[in-house]
Amino acid sequence: EFQNNKTENNFPLQRAQKLIRWYRQYVARTEMRRRYTWHIFQSIEYSGEQAQIKLYNFLGYLMDNFTPASSERNLISHIFREHEVCLDAEWERYFCYKNIEVPEVYSGPHLTFPLTVEQAVGLLEAFRNKKQLHSRYALQLLLETWKLLRMLPNINRISTCQSKEITICGDLHGQLEDLLLIFYKNGVPSLEKPYVFNGDFVDRGKDSIEILLILFSFLLVYPCDVYLNRGNHEDHLINLRYGFTKEVLTKYKIHGKRILKLLQKIFSWLPLATVIDQKVLVLHGGISDTTDLGVLARLDRHNYVSAMRPPKKRNSSSSGVSIDADLEEDIWNTSKIFQRRASVSYPKPLGPRDCFQNRSLQDFSGRIKVKMEDELESSRRRESVYQLAINRSEKDVLGVSNDSVTSYDNPKEEWRQILDLLWSDPMSQDGCIPNEVRGGGCYWGPDITEDFLNKHNMQLIIRSHECKQEGYEFCHNRKVLTLFSASNYYDVGSNRGAYVKLGPDLVPYVIQYQASSLTRELTARQRYTVGRTERSALKVLREQLFAHKSDLICAFKKFDKEATGLVSLNDWASAVESVMHLDLPWRMLCSQLVSCKSSDGTIDYNDWFNELAFKGPNHIDQSLLETLYRHRSTLETIFRIIDTDNSGFITVEDFRQTWKLLSVYLKMEITDEDISHLAVTIDSNNDGSIDIDEFMEAFRLTDKKSRLERGRSIPMQTP
Amino acid sequence: MAENRQHTETVSDIHKKITTAFKLFDYDANNTVDAREISTIVFSLGCFPSQADLHQIIAEVEEGSSGYVHLDTFLPVMTKVLLEHRFPPIPVEHILRAFEVLDKENKGHLEEGELTKYMTEEGEPFTNKEMEEMLAVLLNNKRGLVYYRDAVGLLGFDGVMK
């Protein structure tokens, strides 16, 4: 019995035993830190997505509550405006590449159409060598892709006949390294090697456009052997927040906007799902208890441009050509059926959108984990009222309709079907509840999987959408497989990527990998420890904490009845969880987040906030600053929408109006004077315009402990 | 010493600590973890058990031979372990002393070969993989030497989770 023996013996073997135990403890601690670091990233990622959907709610609120006569109309229509009113033929003219000249100095690939496999492989090589495809060829390639996609059905149907093994890949998120690694290990797409790519090709990583160009080029060369499913990030409004828009505009300074517009159409034309041998369903997010493949196969998928925009006006003219009408016209013209103002005259359906609105409006980043039982109960109530409202609006729709005789489908219902497909996550409990973490789609249980598979006579669902440490994960009695192909997603070393091969036996064979050029740069020590990733996660977490300073101080005060300024560790943890709702192991994290602990373990919370503090623009009220800080991502997204010519500047007037609208929505007590004062302060050189980047930069927390970038920004190094 | 810092901890505090650590590995949110995670959880709660100790605990808490452990079974067992301070942390001075004993010639460092020999021989030795990993972490120079004072500093010593 070595362990409790404290005698001063010098037997080296006994000493070694102590060292062994000490090291094993270190490994266990490291593993623990790895787990909670993962939790942190994931909670914050999902709450970011939730904020994104809430942005939609805000925009929806705008549309419902501002009459055409109001002065805010310009700003709102600005936000929603389509740039042109034209038919598809006119769009093709807008996207024309023929006038674009390719300079002599251009050293990238030159493409000729129809594309050959040599050119596709050449493109791969060029990107591997960090070349960029000239905008002329990019536009041409995208145009061809658009033409092709328009001919595809909503649901791809493929088979493993002739002993072909089908390779399926999950989220790539702009990580070119991973795609190159997959092609290296598995071979490029070909007649013998069909591929399915399951969405989320873009955002977060720095080579999103390159990934798209590669996937599209192989699609053009092998249209019967390359299948693309739409992901929730194939959505131009999501791209505004998560980096793809910025990437394109940076890489293609002159033609970037046209490229983005064309991609907007391409994304809406991407198929929604793929079925293999009629038995395996491959889609990006998941299903709900109402998912209906029949409805999904029939709808006009290109009408659903973004998760954040209401269904487009459907005006199928007799010629059968779809028309991209000006949405602005839609909104204000009361005689149209599907425009949103109509919803104001009905009792508001208590669907997911409204339930977010009814939450604490001070806080966009509301609750994440909800108590399951309460949730099931209230969602049942919500669902029934929602259903009632849908039925009512459907009735009224059919009643008023004179032109759209052919459509019996409810666009709102179709939109919900698509949202469910692209945004849902599996859960281990039975049932189906709204996905409040993401803000869209639902959580579905094993019973739903069972029913769905039985109903459609299928045996397996392959989906992506969630990052998994091993790159894949089975659930629901191995009837659902999550597949994620972006390795090192949160930070270097955070997770592996995986792809799946499916032969005629339809048994999924998983291959894992981890892109290593980043990891090679780390020393061996860094690879085995968790420090770097953990520091990133903690930095992100500190920012979140700071953004909730007022609420946290309120919560602390409740525990500190005698106003000593101190709370115990336990109380600190309870208070933080009650405000942040991130379900993280706060007691464990405390020592990492708080350095000003006294010897008896109590925490001076005011000191703590000083520790976290940052230097914002001067002369601005602290609480206003905090609110600005908390909603900075949302603000940035709105600013970028407003900045239609991508100058990087918005006018002071636009800034004022945006902020005013936001504050009304948040029910903040802000006077016009405050806002004007704020705007003037931000416009430091007084030229009537505000530099968006500079404004956002002002809110970067200067962390006294570490100056590392946020984990997520490491892959996104824009030049 | 550890004991002093813990004497103000209530049973409720201990329960919270254990539950928090447990839940980090409860992937299905049903208060169950894979039995193979138990050693990580026990270590992270500030304990320094031997492998034999761990096997004993696992045997006590595992649901038959299912390979799973339920929180309801784990909680009382682990609470007792913590209240009794059954596997106290090894003080950092002992770790340093241990290294010094191995460093017979008092060089201030150990060679890769020496360390490997001690850690992979008797008692509850390292597996090859563990040895490889530890060396990767501790060796930061080309000469294959472990500067153990640095190592102790590097790996840190917050053995006691508050």
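As the structure is a computational prediction, the values presented were derived from the model and not from experiment. (Residues numbered from 1 in each chain as written. Chains lettered and ligands numbered in written order. Predicted model: local features only at pLDDT ≥ 70, side-chain atom pairs only at ≥ 80, totals over all residues. Heavy atoms only, no water.)

**Q** In this structure, what is going on with the overall build of chain A? I would like to understand it.
**A** Looking only at helices and strands, one finds 29 helices and 18 strands in chain A. Here the contacts in chain A between residues at least 6 apart in sequence split such that 75% fall between residues at least 24 apart. Accessible area of chain A: about 29,700 Å², with a carbon and sulfur share of 50%. (Helix = DSSP H or I, 4+ residues; strand = E, 2+ residues; numbered from the N terminus. Contact = heavy atoms within 4.5 Å. Areas by Shrake-Rupley, 256 points an atom, 1.4 Å probe, with all protein chains shown as cover.)

**Q** In this structure, what is going on with the packing of helix α7 (residues 208–221) of chain A against helix α9 (residues 244–251) of chain A? I would like to understand it.
**A** When two helices pack together, their arrangement is captured by the angle between the axes and the distance separating the axes. Residues and elements named next belong to chain A. The N-to-C vectors of α7 and α9 enclose an angle of 85°; their axes lie 9 Å apart at closest approach. Between α7 and α9, the interaxial angle falls into the category roughly perpendicular. On the side of α7, the interface is formed by S208, I209, E210 and L212, while α9 contributes F244, E247, V248 and K251. Partitioning the contact of α7 with α9 into residue classes produces 4 nonpolar, 1 polar and 3 charged. (Axes fitted to C-alpha atoms, helices over the stretch in contact; angles between N-to-C directions. Parallel < 35°, antiparallel > 145°, perpendicular 65-115°, else oblique. Nonpolar A, V, L, I, M, F, W, Y, C, P; charged D, E, K, R; others polar.)

**Q** Can you walk me through the packing of helix α5 (residues 135–149) of chain A against helix α10 (residues 256–269) of chain A in this structure?
**A** Residues and elements named next belong to chain A. Their axes nearest at 10 Å, the elements α5 and α10 cross at an angle of 20°. Comparing their axes, α10 and α5 come out roughly parallel. The two elements α5 and α10 cross, and the hand of that crossing is left-handed. Touching S135, A138, L139, L142, L143, T145, W146 and L149 of α5 are R258, I259, L262, L263, K265, I266 and W269, all from α10. Residue classes in the contact of α5 with α10 are distributed as 11 nonpolar, 2 polar and 2 charged. (Left-handed = near helix turned anticlockwise from the far one by under 90°.)

**Q** How do you make sense of unusual backbone geometry when you look at a structure like this?
**A** Negative phi values dominate among residues other than glycine, just as trans dominates among peptide bonds. Residue and element names in this part refer to chain A. With an omega of 0°, the peptide bond running from F113 to P114 counts as cis. Tracing the sequence through the fold places P114 in the loop between α3 (88–94) and α4 (117–128). Not every positive phi belongs to a glycine, and L506 is a case in point at roughly 60°. Here L506 lies in the loop between β13 (497–502) and β14 (509–513). With relative accessibility at 9%, the residue L506 sits in the buried group. (Buried < 20%, exposed > 50% of the residue type's maximum accessible area, 1.4 Å probe, protein only.)

**Q** Could you clarify how one ought to interpret helix α24 (residues 605–612) of chain A in this entry?
**A** Counting along an α-helix, one turn takes 3.6 residues, and residues three or four places apart therefore face a common direction. All names here are of chain A. Among the residues making up α24, those that are buried are Y605, W608, F609, E611 and L612. For α24, the angular spread of the buried residues around the axis is 150°, confining them to a single face. Looking at the buried positions of α24, the neighbouring elements they touch are α20 (531–547), α21 (549–559), β15 (566–567), α22 (569–580), α23 (586–593) and β16 (603–604). You can read the cap of α24 off the contacts: a side-chain oxygen lies 3.1 Å from the backbone nitrogen of N606, and it is on D604. (Arc of directions from axis to C-beta. Polar contact = N/O pair within 3.5 Å; in protein donor to acceptor, adjacent residues only side chain to side chain.)

**Q** Honestly, the pairing of strand β12 (residues 480–483) of chain A in this entry has me stumped. Any pointers?
**A** The side chains of a regular strand alternate between the sheet's two faces. Residue and element names in this part refer to chain A. Burial along β12 is two-sided: V480 and T482 and L481 and L483, pointing in opposite directions, are all buried. As paired elements, strand β10 (residues 460–463) and β12 share 3 bridges and run parallel to each other. Residue I462 lies in a different strand from β12, and its bridge partner there is L481. Pairing analysis gives 4 bridges linking strand β11 (residues 472–475) to β12, with the strands arranged antiparallel. Bridge pairing links C475 to V480 in β12. Hairpin remark: β11 followed by β12, antiparallel, with 4 residues in the connecting loop; positive phi at H476, about 55°. (Pairing = 2+ DSSP bridges.)

**Q** What should I look at first to understand the UniProt feature "domain: EF-hand" (unreviewed entry) in chain B in this one?
**A** Residues and elements named next belong to chain B. UniProt's feature table lists "domain: EF-hand" (unreviewed entry) at residues 13–48 and 90–125, given in the numbering used throughout. When the span residues 13–48 is considered, its composition is 50% helix and 8% strand, and the gap between its end C-alpha atoms is 20 Å. Regarding residues 90–125, the helix share stands at 53% and the strand share at 6%, and the terminal C-alpha atoms are separated by 18 Å. (UniProt positions renumbered as here; feature names shortened; annotations may be inferred.)

**Q** Just to check I follow, could you spell out the packing of aromatic side chains for this structure?
**A** To describe a pair of aromatic rings, one takes the distance between the centres and the angle between the planes. Residues and elements named next belong to chain A. Tallied over the entire structure, the rule returns 21 aromatic pairs over all chains. An angle of 65° between the planes, with centres 5.8 Å apart, marks the rings of F183 and F218 as edge-to-face. With F183 in helix α6 (residues 176–186) and F218 in helix α7, this residue pair connects regions lying 35 residues apart in the sequence. With a centroid separation of 5.2 Å and 50° between ring planes, the pair formed by Y489 and Y490 is classed as tilted. (Phe/Tyr/Trp six-rings, centres within 6.5 Å; stacked < 30°, edge-to-face > 60°.)

**Q** What is the right way to look at the sheet that holds strand β8 (residues 432–434) of chain A in this model?
**A** The strands making up a sheet associate through backbone hydrogen bonding, with each pair oriented either parallel or antiparallel. Residue and element names in this part refer to chain A. The 3 strands lie next to each other as β7-β9-β8, forming an open sheet whose pairing is mixed. Looking at strand neighbours, the two that pair on one side only are β7 (425–426) and β8, the edges of this open sheet. Sheet analysis places β7 next to strand β9 (residues 442–444), joined by 2 bridges and oriented parallel. Of the residues in β9, the one forming a bridge with D425 is Y443.

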